[in-house]
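Structure at a glance
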Amino acid sequence: MSPLDGARATIAIGGLVLWLGLTDAMLKYLRAGMRPLLVIAGFVLVAVGTRMLVLVWRSAHADRPAPASSADAADHVHHHGASRVGWLLVVPVVVFILFGPQPLGEYAISRTPNLPPYAFDIAAYASRTGQRVPELRFVDVIAGVEQTGNREYLTTHDVELVGFVSQRRGTDGFVLTRYLMSCCAADGQPLNVGVVARTGAGAAPEVGAWARATVRMTGATDPELARAPQAALVALEPVAEPAAPYETLR
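Heads up: these notes are all about the structure in this document. (Residues numbered from 1 in each chain as written. Predicted model: local features only at pLDDT ≥ 70, side-chain atom pairs only at ≥ 80, totals over all residues. Heavy atoms only, no water.)

**What about the pattern of salt bridges?**
Evaluated as defined, the whole model comprises ten salt bridges. Note that Arg35 and Asp24 form a salt bridge whose closest N and O atoms lie 3.7 Å from each other. With a gap of eleven residues between them, Arg35 in helix 2 (residues 35–61) and Asp24 in the loop between helix 1 (3–22) and helix 2 connect regions that are remote in the sequence. Residue classification places Arg35 among the partly exposed residues on the basis of a relative accessible area of 24%. Residue classification places Asp24 among the partly exposed residues on the basis of a relative accessible area of 42%. In the salt-bridge network here, residues are joined through shared partners; they are Glu135, Glu160, Arg212 and Glu237. (Salt bridge = Lys/Arg side-chain N within 4 Å of Asp/Glu carboxyl O. Helix = DSSP H or I, 4+ residues; strand = E, 2+ residues; numbered from the N terminus. Buried < 20%, exposed > 50% of the residue type's maximum accessible area, 1.4 Å probe, protein only.)

**Looking at a nonpolar patch on the surface**
Taken together, the side chains of Ile40, Val44 and Val48 present a nonpolar region at the surface, about 250 Å² in accessible area. In this fold, Ile40 is placed in helix 2. Classification of Ile40 by relative accessible area gives exposed; the value is 52%. (Patch = residues over 30% accessible without salt bridge, like charges linked within 9 Å, V, L, I, M, F, W, Y side chains within 5 Å. Areas by Shrake-Rupley, 256 points an atom, 1.4 Å probe, with all protein chains shown as cover.)

**Side note on the pairing of strand 3 (residues 189–196)**
The side chains of a regular strand alternate, residue by residue, between the two faces of the sheet. Counting buried residues in strand 3 gives seven out of eight residues, a clear majority hidden from the surface. Both strand 2 (residues 173–180) and strand 3 contribute to a ladder of seven bridges, which runs antiparallel. Across the sheet, Thr177 pairs through a bridge with Asn192, a residue of strand 3. Examined bridge by bridge, strand 3 and strand 5 (residues 229–238) share three bridges and lie parallel to one another. Looking at the pairing, Val195 lines up with Ala231 of strand 5. (Pairing = 2+ DSSP bridges.)

**A few points about unusual backbone geometry**
At Arg227, a position not held by glycine, the phi torsion is positive, near 60 degrees. Mapped onto the elements, Arg227 comes out in the loop between strand 4 (210–221) and strand 5. Under the relative-accessibility criterion, Arg227 is labelled partly exposed at 30%.

**Considerations on the nonpolar core**
Across soluble globular proteins, you tend to see nonpolar side chains buried next to one another. Leu136, Leu161, Leu176 and Val215 are the most contacted members of the largest nonpolar core, which has 30 residues in total. Of all the secondary structure elements, the ones that give two or more residues to this core are helix 5 (122–129), helix 6 (138–144), helix 7 (148–154), strand 1 (159–169), strand 2, strand 3, strand 4 and strand 5. For this core, the leading source of residues is helix 6, giving five residues. Setting aside anything within four residues of it in sequence, one finds Leu136 in contact with Phe120, Ile122, Tyr125, Val141, Leu154, Val159, Glu160, Leu161 and Arg250. Among the nonpolar cores identified, the runner-up in size contains eleven residues, and Val162, Tyr179, Leu225 and Ala228 belong to it. (Core = buried A, V, L, I, M, F, W, Y, C linked by side-chain atoms within 4.5 Å. Contact = heavy atoms within 4.5 Å.)

Listed below in structure tokens is the structure:
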């Protein structure tokens, strides 16, 4: 790779990093707390690439002699044209921005989550926020059904979960899923809740569709997915995919 191509590639990568850091696209790959570092890294890469570009331009134009012969002229034109190939390095960046990153989907839900120690008082949270039907994270529910106090609350109160449908079970049942991110998408762990719909409540949403489900935990475990509690559906509302599709620990 020529110095000119290296400069262009550095600027292109820096621009991509900046775009990720300054938009919600980064939330499909990294947790929100890493935004400042991503923005700083993007600015540094653009600055370094720009500096390289300036140095290459100065070197190419400093006391450059005219071609002495037709052969030299042809060689000059060849190298000048070849340097333009470096702009092709920008194409993957443009494609990435146009089509955008996609979060993990239903193909990875069968993995068994390995949650770190996690304690969250759901009853105290509901009381503090004044929510009659608190919106919880999947990790609150999955860890909570294994904890005495939280399990009692979850089996006697309705709660809301926002996730995507990863499996359909017959006509009415489905699995609602959200991924837990510790650092980045590569360490994403599936958090599943098996939802049993009431008879006549209507067909389950299509696989991949996002929904807000009001549920009550039954105390049972989904028979087909490891560490997935089962819930009875109370109400269901379709929603758009959230800007931050992954969950993090509180």
